[in-house]
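Chains, contacts and geometry: an overview
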Amino acid sequence: MGKHSANVVFDETNDENSGVTAALCNWIAGLKKEDIPTPVLERAKHLILDGIACGLVGAHVRWSEKAADAVLDYEPEGQCSVIGYEEKLGPLAAAVLNGAFIQATELDDYHSVAPLHSASVVLPALLAAAQVKNKTRKSAQNGNGHSANGSTRTVSGLDFLIAAVVGFETGPRSGSAMHGADLLLRGWHSGPVFGCPAAAAASSKLLGLSADDTESAIGIACTQAGGLMAAQYEGMIKRVQHAFAARNGLFGALLSRNGYVGIKKVYERNYGGFLNMFSQGNGKTPPYDVRKVTEGLGEVWQTTNIRVKLHACVGGCHGQIEAIEKLQKAHPERFAIGNLGHIKSIKVGLSGPIFAHDGWEPQERPLTETGAQMNAAYIGAIQLVDGQVLIAEFANHKMDRDIVWDLVYKTKCHHDTQFDKPNHGCGAHIVVEFDDGFTVEETIQMPRGFDPPITDEEIRTKYRKLALSAIDQQRMEKIEELILGIDRLDDISEIFEVLAQPTRNVLG
């Protein structure tokens, strides 16, 4: 559906002269604390805290250590910190590892309309950008041919927080403009696509770029966007794909701050534009709507629509977990561990995108940890057997239990159109039949955390529980104090120091 296609209908949804990209960038460059409601700033602090919790527990799981070993083997020393490691790397490499760690255990946030994990995209880019900006730089040589004294530039906590809000706003808006979860339905890993402009926007704000340079940064990021959802099966690379977006956005901002010019009007370009190209073949009318990038900008805050996970698996299966949980509470004897063998069949109804994403039948046993956390049948079986879906359920020694696989093989997933409505994509309908003919069913339209959202207090509780599995209490309390008071910090250097200290492998 390029610019010159005879089948294109040009209207306000794809107007190349709408000025949407420029309008977004002007908003980014001009955004001040006074423009952001206090509850949004507080929520952003807690989203940062949640992302850091995920990074702490993810830094030394097996696949994260594999990634770190590989990168540290070839990457030279740099100035940017890596969560849970004493080594420092260059900004792009540090962003990749930190993003991989935050996404490592599937406990990081998600957006229910435009699926992406915002913390794993925004925080790695900002942590690296801050240390690039924070370093001591030598000024130009003086008249005697000698360098003058260097000056240290510090990054304030308030600047970091505002930049995070910029990223939290930009990612979901970019995704909503191309029908959000539709990319998942077609096999794209949507978060690394939507995440590229989010990371570029956040990094540009922190680095103090002009609106014009921010537009270049977003254009450079968007031309690198991609991600295949086939990454969810055998390999480890799914954990890193949001980190690619963090790297791509940061790279765009670092190039642009030195005057390198990127794609302009990248959202609204008809030929080769970001929204047009990723909407190819979606069968939607209209294929995309460029207006949604700036719709309600500064009035409707997407930061408050970012969901915080309570289960260590793909967000689309949280409704399924909670439907099973309700059945377990309503029929404790039927679902007692000793009676699970009497289950004859389990039917799971999911939204179209989630069925395509997570409703696949396992072709191998055991699954990889990644595959298990992306498979509805396995996730449901874990809830039935263990009564919870947390990180510990995906330890290597638990991946091949007969009692779990017996239930996996009895599970059939299908597309249930009732969950294709906006904000219902993570719901589920469960029907369980026993061998004596007794049948129970349960429907969850929206899992916990949708309406109302998870509270800030609940996020703090989650943070403390996760952090204490990876670090000691004193360090846990220090990080919480720094992040929740980040807007009062003149210099965020202490955050880098406390994050870079070693962490434990939470899976042993």
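Our subject in this report is the structure included herewith. Bear in mind the structure is a predicted one, so any value in this text is a computation, not a measurement. (Residues numbered from 1 in each chain as written. Predicted model: local features only at pLDDT ≥ 70, side-chain atom pairs only at ≥ 80, totals over all residues. Heavy atoms only, no water.)

Looking now at the overall build of the protein. Counting its secondary structure elements, the protein contains 19 helices and 10 strands. Relative to the globule expectation of 23 Å for 508 residues, the C-alpha radius of gyration of the protein, 23 Å, shows essentially globular dimensions. Reported as C-alpha extents along the three principal axes, the dimensions of the protein are approximately 90 × 60 × 40 Å. Here the protein, with 508 residues, has 58% of them falling under the buried criterion. Considering only contacts in the protein between residues 6 or more positions apart, those separated by 24 or more positions represent 77%. Surface accessibility of the protein: about 19,700 Å² in total, with carbon and sulfur atoms responsible for 50%. Across the protein, 48 positive and 61 negative side-chain charges occur, with their mean positions spaced 2 Å apart. (Helix = DSSP H or I, 4+ residues; strand = E, 2+ residues; numbered from the N terminus. Rg over C-alpha atoms; globule rule 2.2 N^0.38 Å. Buried < 20%, exposed > 50% of the residue type's maximum accessible area, 1.4 Å probe, protein only. Contact = heavy atoms within 4.5 Å. Areas by Shrake-Rupley, 256 points an atom, 1.4 Å probe, with all protein chains shown as cover. Lys, Arg positive; Asp, Glu negative; His and termini not counted. Charge placed at Lys NZ, Arg CZ, Asp CG, Glu CD.)

The next point concerns the packing of aromatic side chains. Note on aromatic pairs: each is described by the distance of the centres and the angle between the planes. Per the counting criterion, the structure on display carries 12 aromatic pairs. Ring geometry for Y233 against W360: centres 4.8 Å apart, planes inclined by 80°, an arrangement best described as edge-to-face. Taken as a pair, Y233 in the loop between α9 (211-222) and α10 (238-256) and W360 in the loop between α13 (352-358) and α14 (369-373) lie far apart in primary sequence, 127 residues in all. Relative accessible area serves as the criterion here: at 15%, W360 is assigned to the buried category. Seen from their ring centres, Y267 and F274 are 6.0 Å apart, and the 75° between their planes marks the pair as edge-to-face. We note R307 situated over the ring of F450; from NZ or CZ to the ring centre the distance is 4.5 Å. (Phe/Tyr/Trp six-rings, centres within 6.5 Å; stacked < 30°, edge-to-face > 60°. Lys NZ or Arg CZ within 6 Å of the ring centre and 35° of its normal.)

Now for the sheet that holds strand β10 (residues 439-444). In a beta sheet, neighbouring strands are held together by backbone hydrogen bonds and run either parallel or antiparallel to one another. Spatial ordering of the open sheet is given by β8-β7-β9-β10, a layout of four strands whose pairing is mixed. Both edges of this open sheet fall to β8 (411-415) and β10, since each of them pairs with a single strand only. Strand-to-strand twist in this sheet, taken as the mean axis angle between neighbours without regard to direction, amounts to 15°. Pairing of strand β7 (residues 343-350) with strand β9 (residues 428-434) involves six bridges; the strand directions are antiparallel. Within β9, the position partnered with G349 by the bridge is H429. (Pairing = 2+ DSSP bridges. Axes fitted to C-alpha atoms, helices over the stretch in contact; angles between N-to-C directions.)

Quick look at unusual backbone geometry now. Note the cis peptide between T285 and P286, where omega equals -5°. Within the fold, P286 resides in the loop between α11 (274-278) and β6 (306-307). Residues D451 and P452 are joined by a peptide bond in cis, for which omega reads 5°. Mapped onto the elements of the fold, P452 is located in the loop between β10 and α17 (456-468). We note that N423 has phi near 70°; this positive angle belongs to a residue other than glycine. Residue placement: N423 occurs in the loop between β8 and β9. The exposure class of N423 is partly exposed, given its relative accessible area of 30%.

Purely spatial values, then, with no claim about function.
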